[in-house]
Amino acid sequence: MRTVFYSAIVLMGGVMVFFLLIPVLKLILGTNPSQLIRTMMEEEVLRSIILTIRCALGATAFAILFGTPLAYILARFDFKGKSLLQSFIDLPLVIPHSSAGIALLLVFGRRFFIGKFFDRIGIGFVGTEFGIMTAMAFVSAPFYINAVRDGISFVDVRFEKVARTLGASPLKVFFKITLPLSWRSIVTGAVTMWARSISEFGAVVIIAYHPMTASVLVFDRFESFGLTHAA
């Protein structure tokens, strides 16, 4: 029975590996190397890749700055409405990302007061890098917040209490105890969010078709020239 069981789970796991791996291998190995090199040397492609990396870094930096305190609150405090707040944070993970792009367009467009405010100080979101970063941050920040929340939750609160009894301020405890002990989760969350931001398409294409990120450029090549050029 043990042999049958292990054989079954290996077979079923192998099906999943096959399902995840074969499309990626086909995409890589099925592309003409010379055509790939020519495409990579195109100015539009290089500019798109650099833009994508830069905007993803900007979105991740925003999440690190404002998401880390939020993760600390969720990990260390119990309050009324905490579950509801957590649900709102996770909401961008479950709604269609095209709908997320429309929601962002309604908020940061020039017709809403937030969009009007930023427009008056010279910051636009529609068709700009700020718009791309906003879309990336909106759909990817939950990955960072949840990872850091879990990391801080695993830090023994007694370490923080001992530091407080020795005269350390809450701010010093946060930077000297909490963050250093949860740095792995912070790095994991940041890398995951950055990677997810790079791949974002639905929200980005709604708020900023131009300038084109890599995912939007792939879609544009597919629509304009077909499967081979997109690949």
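Reading the values: the criteria
Residues numbered from 1 in each chain as written. Predicted model: local features only at pLDDT ≥ 70, side-chain atom pairs only at ≥ 80, totals over all residues. Heavy atoms only, no water. Helix = DSSP H or I, 4+ residues; strand = E, 2+ residues; numbered from the N terminus. Contact = heavy atoms within 4.5 Å. Phe/Tyr/Trp six-rings, centres within 6.5 Å; stacked < 30°, edge-to-face > 60°. Buried < 20%, exposed > 50% of the residue type's maximum accessible area, 1.4 Å probe, protein only. Patch = residues over 30% accessible without salt bridge, like charges linked within 9 Å, V, L, I, M, F, W, Y side chains within 5 Å. Areas by Shrake-Rupley, 256 points an atom, 1.4 Å probe, with all protein chains shown as cover. Salt bridge = Lys/Arg side-chain N within 4 Å of Asp/Glu carboxyl O.

Trainee: Tell me what's going on with the side chain of Gln86, and back it up with residues and numbers.
Mentor: In this structure, Gln86 sits in helix 4 (residues 82-94). Residue contacts for Gln86: discarding those within four places in its chain leaves Leu74, Asn146 and Arg149.

Trainee: Just give me the short version of the packing of aromatic side chains, but keep the residues and values in it.
Mentor: Across all of its chains, the model carries 11 aromatic pairs by this definition. Arranged with centres 5.0 Å apart and planes meeting at 45 degrees, the rings of Phe62 and Phe66 form a pair that is tilted. Here the residue Phe62 and the residue Phe66 both occupy positions in helix 3 (residues 43-76), the gap between them amounting to 4 residues, near one helical turn. Accessibility expressed as a relative area gives 53% for Phe66, which makes it exposed. Ring geometry for Phe108 against Phe125: centres 4.6 Å apart, planes inclined by 45 degrees, an arrangement best described as tilted. Residue Phe108 is located in helix 5 (residues 97-108), and its partner Phe125 is located in the loop between helix 6 (113-120) and helix 7 (129-153); the two are separated by 17 residues in the primary sequence. A relative accessible area of 8% places Phe125 in the buried class. Chaining the aromatic ring pairs together yields one cluster made of Phe108, Phe117, Phe118, Phe125 and Phe130.

Trainee: Just give me the short version of a nonpolar patch on the surface, but keep the residues and values in it.
Mentor: On the surface, Val17, Phe18, Leu21, Ile22, Val24, Leu25, Leu27, Ile28 and Leu29 cluster together into a nonpolar patch covering about 870 Å² of accessible area. If you trace the backbone, Leu21 turns up in helix 1 (residues 2-29).

Trainee: Explain the pattern of salt bridges residue by residue, including any values.
Mentor: Summed over all chains, the structure comprises 10 salt bridges. The shortest N-O distance in the salt bridge between Arg221 and Glu42 comes to 2.7 Å. On the criterion of sequence distance, the pair formed by Arg221 in helix 12 (residues 214-225) and Glu42 in the loop between helix 2 (33-40) and helix 3 is long-range, its members being 179 residues apart. Since its relative accessible area comes to 8%, Arg221 is described here as buried. Between Glu129 and Arg54 there is a salt bridge, with its nearest N and O atoms 2.8 Å apart. Of this pair, Glu129 sits in helix 7 while Arg54 is found in helix 3, placing the two residues 75 residues apart along the sequence. Take Arg54: its relative accessible area is 40%, and that puts it in the partly exposed class. When salt bridges with common partners are traced through the structure, they connect Glu42, Glu44 and Arg221 into a single cluster.

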